[in-house]
Amino acid sequence: DILAIQERCSESVEKETFYGDIIEQEEIYYGPYFQGIKKIYQNENEVLGIVEIPELVQEQQELYYAHPVILDCALQCISRLVRNLSSDEKTRVPFSVEEIFINGSLKEEHYYIYLSAKNVDIYSAYLLSESGQVLVHFKNLVCRAIEEKLYYFVPKLVMVDSNKNKTLCIRMTL
């Protein structure tokens, strides 16, 4: 029952704060394509997320049975529970899942995500329709701490006019 979960989860966080916290605390940046979380309700052991699929994704939904961005939004919400339960400041990310049950194609624009913690590293996650029907269940979703910071090369792509034939090439710069 979505209303019962929302009543138990008295703290709320808006989209801008949610993604700002992830950038600040986890150093993970989600571009606009992946920013589907509209609002979060939470308590110490539960999170209820409201998902509003970005327009760019809505245009592509017919191509997928379950669009990856929708599933990614379900996993993004874990960050709120991890911060409540962990005693360290390490970033934890989804590592494995025992089973994923998908109960039909995901073609809607709005969903709910419900997560509950079994402990600091194991969660149950559900993607729900607006009526509360379970559409996806991540059973025993395990998160693991990132033990060291890894630095990745992030190229900057620049268009360059390579010759008089107006052929363009792309150059990667730092």
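Residues numbered from 1 in each chain as written. Predicted model: local features only at pLDDT ≥ 70, side-chain atom pairs only at ≥ 80, totals over all residues. Heavy atoms only, no water.

Student: Where do I start with the sheet that holds strand β7 (residues 134–145) in this structure?
Tutor: Hydrogen bonds along the backbone pair up the strands of a sheet, which may run parallel or antiparallel. Judged by pairing direction, the sheet is antiparallel, and its seven strands sit side by side in the order β1-β2-β3-β5-β6-β7-β4 without closing on themselves. Looking at the sheet topology across the chains shown, the edges are occupied by β1 (11–14) and β4 (92–102). Mean inter-strand twist for the sheet, computed between neighbouring axes without regard to direction, equals 20 degrees. As paired strands, strand β3 (residues 46–52) and strand β5 (residues 110–117) are joined by seven bridges and run antiparallel to one another. Pairing of Val47 across the sheet is with Leu115, part of β5. Those strands touched by helix α2 (residues 15–26) are β1, β2 (37–42) and β4, and its axis lies near 85 degrees from that of β1. The sheet strands contacting helix α4 (residues 68–76) are β2, β3, β4, β5, β6 (122–128) and β7, and the helix crosses β7 at an angle near 55 degrees. (Pairing = 2+ DSSP bridges. Helix = DSSP H or I, 4+ residues; strand = E, 2+ residues; numbered from the N terminus. Axes fitted to C-alpha atoms, helices over the stretch in contact; angles between N-to-C directions. Contact = heavy atoms within 4.5 Å.)

Student: Whenever I open this one, the pattern of salt bridges confuses me. Can you help?
Tutor: Side-chain pairs of opposite charge can arise where the charged atoms are in close proximity. Across all of its chains, the model carries six salt bridges by this definition. In this structure, Arg8 engages Glu46 in a salt bridge whose closest nitrogen and oxygen atoms are separated by 2.7 Å. In this pair, Arg8 sits in helix α1 (residues 2–8) while Glu46 sits in strand β3, placing the two residues 38 residues apart along the sequence. Classification of Arg8 by relative accessible area gives partly exposed; the value is 42%. Across the pair Glu14 and Lys39 runs a salt bridge whose closest N-O atoms are separated by 3.2 Å. Placement of the pair is Glu14 in strand β1 and Lys39 in strand β2, with a sequence separation of 25 residues. A cluster of three or more residues bridged by salt bridges with shared partners is formed by Glu98, Glu99 and Lys139. (Salt bridge = Lys/Arg side-chain N within 4 Å of Asp/Glu carboxyl O. Buried < 20%, exposed > 50% of the residue type's maximum accessible area, 1.4 Å probe, protein only.)

Student: Just checking my understanding: could you explain the confidence of the model for the protein for this structure?
Tutor: Atomic detail in the predicted coordinates should be set aside for any region of low pLDDT. Mean pLDDT over the protein: 81, with 82% of residues reaching 70 or higher. Of the regions scoring below 50 in pLDDT, residues 165–174 engages in 27 contacts with residues more than four places distant in sequence or in other chains. (pLDDT = per-residue confidence, 0-100.)

Student: Sorry if this is basic, but what is going on with a nonpolar patch on the surface here?
Tutor: Together, Tyr65, Val97, Ile100 and Ile102 make up an exposed nonpolar region whose accessible area comes to about 340 Å². On the secondary structure map, Ile100 appears in strand β4. (Patch = residues over 30% accessible without salt bridge, like charges linked within 9 Å, V, L, I, M, F, W, Y side chains within 5 Å. Areas by Shrake-Rupley, 256 points an atom, 1.4 Å probe, with all protein chains shown as cover.)

Student: Would you take a moment to explain the environment of Ile40 for this structure?
Tutor: Along the chain, the position of Ile40 falls in strand β2. According to the relative accessible area criterion, Ile40 is buried, its value standing at 0%. Remark: the alpha-carbon pair of Ile40 and Arg80, spanning 40 residues in sequence, is separated by 8.7 Å. Discounting chain neighbours no more than four positions away, the residues touching Ile40 are Glu11, Ser12, Val13, Phe18, Val47, Leu48, Gly49, Cys77 and Arg80.

Student: Whenever I open this one, the state of the cysteines confuses me. Can you help?
Tutor: A covalent bond between the sulfur atoms of two cysteines is referred to as a disulfide. Scanning all chains against the criterion turns up zero disulfides. The thiol of Cys73 is unpaired, and the distance to the nearest cysteine sulfur, on Cys77, comes to 7.4 Å. You can call Cys73 buried: its relative accessible area is 0%. (Disulfide = S-S within 2.5 Å.)

Student: Can you help me understand the packing of aromatic side chains in this one?
Tutor: Note on aromatic pairs: each is described by the distance of the centres and the angle between the planes. For the structure shown, the criterion picks out four aromatic pairs. When the ring of Tyr19 is compared with that of Tyr30, the centres are 6.0 Å apart and the planes differ by 70 degrees; the resulting orientation is edge-to-face. Taken together, the residues Tyr19 in helix α2 and Tyr30 in the loop between α2 and β2 connect sequence positions eleven residues apart. Among the residues examined, Tyr19 registers a relative accessible area of 4% and is labelled buried. A ring pair is formed by Tyr33 and Phe34, whose centres lie 5.4 Å apart and whose planes are at 75 degrees; its orientation type is edge-to-face. (Phe/Tyr/Trp six-rings, centres within 6.5 Å; stacked < 30°, edge-to-face > 60°.)

Student: Looking at this structure, how should I read unusual backbone geometry?
Tutor: Despite not being glycine, Asn140 has its phi angle at roughly 50 degrees, a positive value. Among the structural elements, Asn140 can be located in strand β7. By relative accessible area, Asn140 is classed as buried at 18%.

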